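A look at the structure
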Amino acid sequence: MQFRSPASWARLATGLCLALTAVGCGSAADSAETTASRAPQPPVALQPAVLPGRAAEQEGSAQRAGTERMLIARQQAELAQSWGLATVPLAAPPAPVRKAVLTAGPHVTVAGADLPALVRRVPTEDRVVFLTVDDGKEKDPRFSRMMRELGLPFSAFVSGYLARSDYGYFRDLHDQGVRVNNHTLNHKDLRRLGYAQQRTEICGQQDELEREIGVRPVLFRPPYGEYTTDTLRAARSCGITAVPMWNEEAFPDRMEYRLADQRLHPGDIILTHFRGADDWSGSMTDLARQVLRTVTEQGFALARLDDYLG
């Protein structure tokens, strides 16, 4: 029997080892490693995706904006509740870029090409209505504050003989964005006056408003809603371009409607007055609550008449 040399045995062992490895019979260490790799592995915890710098900044801005909106909504709700309102009044859309072109129709009367139109409903499809407050007898600071804090627009139509005792009140309204318009000097029934007298009533109030508040308005409302063609001629000569009337009248305890459906419509003008408990069964803040509840329940927002008309 021929014995192999040590080198031959080494070569034989190496060959056998390689052959066994090829059929899956490696070393114990290799076998253990293979078994471990086939065993079920615990799930790997998912890490939040890291956004690129710009995307992360945008997401952060969106989150901050959402938080800010929630905070503002809560503050508005608390403010509305502090004024006795169960819901926040609806916000009006942005004012139109161009004011309405007034042509004759069911709610617009055009007596002549050169005369200001009489308007009971502003031509608009926006779900807005307009609160207008006449005369000027009651100068309630709480009403002014309530409308300012809630950000609610309205328009004033004042008579000089009533406003004169405290034009400072109406200057403050003007400073908070309320347009102060013309309602004549002495609140007379203009049908009983001649043209010259009517012109004195209207132009005289224009002069007084310019002197006291710094404005010459383009909107005019005749006392009691009564007028003649001479009224419109006189108003036009004084710089008036439109005469807003109304379809609803508001009181602290109710809303009165002129039309049979007893509902608000887009563009409606609501009339009320600067009056208090001496004339009504409530204050001007009671009046404001009544108007806001009615307007909001019917799905409307208050907008500023002067932004749509004039």
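Above this text you will find the structure in question.
Heads up: these notes are all about the structure in this document. Everything numeric in this text was worked out from a predicted model, so none of it was measured.

Tallying secondary structure elements over the chain gives 10 helices and 10 strands in all. Per-residue burial over the chain gives 42% buried out of 310 residues. Put simply, of all contacts in the chain between residues at least 6 apart along the chain, 72% involve residues at least 24 apart. Taken as a whole, the chain presents about 17,300 Å² of accessible surface, with 53% of it coming from carbon and sulfur.

Turning to the sheet that holds strand β1 (residues 108–109), a few remarks are in order. A sheet is described by the order of its strands in space; here three strands give the open sequence β1-β2-β6, paired in mixed fashion. The sheet is open, and its two edges are formed by β1 and β6 (242–244), each paired on a single side. By the bridge criterion, two bridges tie β1 to strand β2 (residues 117–119) in an arrangement that is antiparallel. From the neighbouring strand, Thr 109 faces β2, where its bridge partner is Leu 118.

Under the counting rule described, the total for this entry stands at 18 salt bridges. One salt bridge in this structure joins Asp 207 and Arg 216, with 2.8 Å as the shortest N-O distance. Two residues, Asp 230 and Arg 233, come together in a salt bridge whose shortest N-O distance is 2.6 Å. Of this pair, Asp 230 and Arg 233 both sit in helix α8 (residues 229–237), three residues apart, which is roughly one turn of the helix. The partly exposed category is assigned to Asp 230, whose relative accessible area is 27%. Arg 233 gets classed as partly exposed once you look at its relative accessible area, which sits at 39%. Via salt bridges that share partners, Asp 189, Arg 191, Arg 192 and Glu 226 belong to a single interconnected network.

On to the state of the cysteines. Tallied over the entire structure, the rule returns one disulfide. Each disulfide pairs two cysteine sulfurs, and for Cys 203 the partner residue is Cys 238, the sulfurs being separated by 1.7 Å. Across the S-S bond linking Cys 203 and Cys 238, the dihedral sits near -90 degrees, which makes this disulfide left-handed. Placement of the pair is Cys 203 in helix α7 (residues 195–212) and Cys 238 in the loop between α8 and β6, with a sequence separation of 35 residues. Owing to a relative accessible area of 11%, Cys 203 belongs among the buried residues under this scheme.

Okay, the environment of Arg 164 next. You can see Arg 164 is positioned in the loop between α5 (160–163) and α6 (167–175). Residue classification places Arg 164 among the partly exposed positions, given a relative accessible area of 42%. Placed 48 residues apart in sequence, Arg 164 and Glu 212 show a C-alpha to C-alpha distance of 9.0 Å.

The next point concerns the environment of Thr 231. In this fold, Thr 231 is placed in helix α8. Overall, the relative accessible area of 0% leaves Thr 231 in the buried class. C-alpha of Thr 231 to C-alpha of Gly 194: the two residues are 37 residues apart in sequence and 8.8 Å apart in space. Setting aside residues no more than four positions away along its own chain, Thr 231 makes contact with Leu 190, Gln 198, Ile 202 and Phe 220.

What follows is about the nonpolar core. Phe 143, Phe 154, Phe 170 and Phe 274 are the most contacted members of the largest nonpolar core, which totals 40 residues. Counting only elements with at least two residues in this core, the list comes to β3 (128–135), α4 (141–150), β4 (155–158), α6, β7 (248–251), β8 (254–257) and α9 (284–297). Ranked by the residues each element gives to this core, the list is headed by α9, at six residues. Apart from residues no more than four positions distant in its own chain, Phe 143 is found in contact with Val 133, Phe 154, Tyr 169, Phe 274, Met 284, Thr 285 and Ala 288. Counting 30 residues, the second largest nonpolar core, distinct from the first, contains Leu 118, Phe 157, Cys 203 and Ala 242.

Our next topic: the side chain of Arg 221. Structurally, Arg 221 can be placed in the loop between α7 and α8. Side-chain polar atoms of Arg 221 contact the side chain of Thr 132, separated by 2.9 Å. Excluding residues that lie within four positions of it along the chain, Arg 221 makes contacts with Thr 132, Asp 134, Phe 157, Asn 182, His 183, Val 243, Pro 244, Met 245, Trp 246, Ile 269 and Leu 271.

Here the focus is unusual backbone geometry. In this model, Asp 135 sits at a positive phi of 80 degrees, which is unusual for a non-glycine residue. Relative to the elements of secondary structure, Asp 135 occurs in strand β3. The phi dihedral of His 187 falls on the positive side, at around 55 degrees, and the residue is not glycine. Here His 187 shows up in the loop between β5 (179–182) and α7.

Taken together, the buried positions of α8 are Thr 231, Leu 232, Ala 234 and Ala 235. Summarising the axial view, the buried residues of α8 lie within an arc of 165 degrees, below the 170-degree limit, and thus occupy one face. On its buried face, α8 sits against β2, α7 and β6. Capping the start of α8 is the job of one residue whose side-chain oxygen sits 3.2 Å from the backbone nitrogen of Asp 230: Thr 228. Backbone geometry just downstream of α8 places Gly 239 in the positive-phi region, at approximately 100 degrees.

Rules and cut-offs
- Residues numbered from 1 in each chain as written.
- Predicted model: local features only at pLDDT ≥ 70, side-chain atom pairs only at ≥ 80, totals over all residues.
- Heavy atoms only, no water.
- Helix = DSSP H or I, 4+ residues; strand = E, 2+ residues; numbered from the N terminus.
- Buried < 20%, exposed > 50% of the residue type's maximum accessible area, 1.4 Å probe, protein only.
- Contact = heavy atoms within 4.5 Å.
- Areas by Shrake-Rupley, 256 points an atom, 1.4 Å probe, with all protein chains shown as cover.
- Pairing = 2+ DSSP bridges.
- Salt bridge = Lys/Arg side-chain N within 4 Å of Asp/Glu carboxyl O.
- Disulfide = S-S within 2.5 Å.
- Core = buried A, V, L, I, M, F, W, Y, C linked by side-chain atoms within 4.5 Å.
- Polar contact = N/O pair within 3.5 Å; in protein donor to acceptor, adjacent residues only side chain to side chain.
- Arc of directions from axis to C-beta.

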